[in-house]
Amino acid sequence: AQTVTQSQPEMSVQEAETVTLSCTYDTSESDYYLFWYKQPPSRQMILVIRQEAYKQQNATENRFSVNFQKAAKSFSLKISDSQLGDAAMYFCASYTGANSKLTFGKGITLSVRP
Amino acid sequence: DTEVTQTPKHLVMGMTNKKSLKCEQHMGHRAMYWYKQKAKKPPELMFVYSYEKLSINESVPSRFSPECPNSSLLNLHLHALQPEDSALYLCASSPRWGEYEQYFGPGTRLTVT
């Protein structure tokens, strides 16, 4: 079974600063994928970034990057130069072909202070 | 076009009503999904359709009835719902079931009175 843990329910960051959102996961599969989804108050789930487990290089998408520590089963999201539009709920998720389902963490609410 | 659309955006229905939610995608995806999401919680998978056939039913009550008339369209028929069924219903699609990139629609906010 897969599990995804996001232990921090809320975080706050000053505009233009950097924030890191934590996520740990557990899986017995060797082939899996990890994601961060953003869900603003507008409700739509938006894929922010994905990481293939077989890739050692950390994924980066503009201001968003991950710190993927495979041995520690850790997958944190770093948001640089935070903007007001980054305020949202962020979900960490994992996926394996074994059950072909996305497993979500509980989510973290990020607020951005102007 | 990387868009999944859902209608209506909001729906209020009584417990004796019958209504339907609609989801469309024109990306040529052959897998489509229904999720239920309560406030401040992660989405919960309800159904998966692959090539217009139901592949997963996550033990959803029969008052929710999915339908996939064609590869672009997914419906969720609602009947005799309970107030606890009030939630955001999200539709998603992916190129094929088992291909991880899921694209989500904006959701339908359902309130059962």
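Located above this text is the structure these notes cover.
Residues numbered from 1 in each chain as written. Chains lettered and ligands numbered in written order. Predicted model: local features only at pLDDT ≥ 70, side-chain atom pairs only at ≥ 80, totals over all residues. Heavy atoms only, no water.

S.K.: Where do I start with the side chain of glutamine 37 of chain B in this structure?
M.R.: As for its position among the elements, glutamine 37 of chain B is in strand E4 (residues 31-37). With relative accessibility at 4%, the residue glutamine 37 of chain B sits in the buried group. Here lysine 41 of chain B takes part through its backbone oxygen, which lies 2.8 Å from a polar atom of the side chain of glutamine 37 of chain B. Leave out the neighbours within four places in its chain, and glutamine 37 of chain B touches Gln39 and Phe91 of chain A together with Pro42, Pro43, Ala87, Leu88 and Leu90 of chain B. (Helix = DSSP H or I, 4+ residues; strand = E, 2+ residues; numbered from the N terminus. Buried < 20%, exposed > 50% of the residue type's maximum accessible area, 1.4 Å probe, protein only. Polar contact = N/O pair within 3.5 Å; in protein donor to acceptor, adjacent residues only side chain to side chain. Contact = heavy atoms within 4.5 Å.)

S.K.: Would you take a moment to explain the interface of chain B and chain A for this structure?
M.R.: As a measure of interface size, the accessible area lost when the parts come together is often cited. Contact with chain B, which involves 24 residues of that partner, is made by 21 residues of chain A. Between chain B and chain A lies a buried interface of about 1,800 Å² when both sides are counted; carbon and sulfur atoms form 56% of it. Its largest share of buried area at the contact with chain A, chain B owes to Lys40, Tyr100 and Phe104 of chain B, together 34% of the area lost on that side. In this assembly, chain B and chain A are joined by one salt bridge. Note that lysine 101 of chain A is salt-bridged to glutamate 58 of chain B, the shortest N-O span being 2.8 Å. At the boundary of chain B with chain A, the tally comes to six residue pairs in polar contact (both at pLDDT 80 or more). Broken down by secondary-structure element, the contributors of at least two residues to the side of chain B that touches chain A are E4 and strand E9 (87-94) of chain B. Looking at the side of chain B that touches chain A residue by residue, the class counts come to 11 nonpolar, six polar and seven charged. (Buried area = accessible area lost by both parts, 1.4 Å probe. Salt bridge = Lys/Arg side-chain N within 4 Å of Asp/Glu carboxyl O. Nonpolar A, V, L, I, M, F, W, Y, C, P; charged D, E, K, R; others polar.)

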